[in-house]
Amino acid sequence: GDPHAAARTMPRWNASNQQNQASASFGTANWDDQTVGGTAATRSSARIAAANAAADPTTEPNNSASALAKLFEPPVAIMYKGTGGFQGAKQHALELDRFLIVNIQSGDEFASHALNRDVWADEVVQSAISSSFVFYQVAYDTDEG
């Protein structure tokens with residue numbers, strides 16, 4: 001086989017923020033996955049439609065707010081939904097013999113919302129987390145945060 005095949009399929013680190021490229025931003029830098037046709041193909045059409053509706057100045061305010069809320073919503077599909085909060089999630093992870101991923105969010109920080117939109121909502125990330133981890137997300141300003 002080709003010894004460089006794996007390198008061609010790996011995401012490349014790109015320190016500049018280039019336009020017209022799907023990427024997940026981390027601060028001022030981003031990961032750029034050009035080698036598999038860009039990540040735009042893996043984005044759900046619902047999230048893209050929500051972003052377009054939010055950016056459309058002719059959209060009704062309620063629809064725009066709803067679209068924006070949907071775009072940044074927590075990753076409910078992969079979140080621990082049992083009882084007992086953190087302790088319950090920890091016990092569930094022990095029972096499944098999986099690691100527990102804890103994400104502490106701040107509603108006042110855009111980075112927390114961006115994490116929901118850019119990382120946790122990604123289909124590949126969700127697949128990896130749901131198959132191998134227990135994911136617990138909590139707000140920092142709660143008793144458990």
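Everything numeric here is computed off the predicted structure, so don't read it as measured data.

Parameters at a glance
Residues numbered from 1 in each chain as written. Predicted model: local features only at pLDDT ≥ 70, side-chain atom pairs only at ≥ 80, totals over all residues. Heavy atoms only, no water. Helix = DSSP H or I, 4+ residues; strand = E, 2+ residues; numbered from the N terminus. Buried < 20%, exposed > 50% of the residue type's maximum accessible area, 1.4 Å probe, protein only. Contact = heavy atoms within 4.5 Å. Areas by Shrake-Rupley, 256 points an atom, 1.4 Å probe, with all protein chains shown as cover. Core = buried A, V, L, I, M, F, W, Y, C linked by side-chain atoms within 4.5 Å. Polar contact = N/O pair within 3.5 Å; in protein donor to acceptor, adjacent residues only side chain to side chain. Salt bridge = Lys/Arg side-chain N within 4 Å of Asp/Glu carboxyl O.

Considerations on the overall build of the chain
- The secondary structure content of the chain amounts to 6 helices and 5 strands.
- The buried share among the 145 residues of the chain stands at 28%.
- Contacts in the chain between residues far apart in sequence, at least 24 positions, make up 53% of those at least 6 positions apart.
- In the structure as shown, the chain presents an accessible area of about 9,500 Å², 57% of it carried by carbon and sulfur atoms.

Remarks on the nonpolar core
- Y80, A89, A93, V134, Y136 and V138 together form the largest nonpolar core, which totals 6 residues.
- Elements with a contribution of two residues or more to this core: α4 (85-96) and β5 (133-139).
- Broken down by element, the residue count for this core peaks at 3 residues, all from β5.
- Discounting chain neighbours no more than four positions away, the residues touching Y80 are G85, G88, A89, H92, V134, F135 and Y136.

Things to note about the environment of E144
- Mapped onto the elements, E144 comes out in the segment after β5.
- In sequence terms E144 and F86 are 58 residues apart; their C-alpha atoms lie 7.0 Å from each other.
- Those residues in contact with E144 that sit more than four places away from it in its chain are G84, G85, F86, Q87, Y136 and V138.
- A polar atom in the side chain of E144 sits 3.0 Å from the backbone nitrogen of F86.
- Reaching out from E144, the side chain makes a polar contact with the side chain of Y136 at a distance of 2.3 Å.

Some details on the pattern of salt bridges
- A full pass over the atoms with the stated rule returns 2 salt bridges.
- Among the salt bridges present, the one from R117 reaches D118, with a minimum N-O distance of 2.6 Å.

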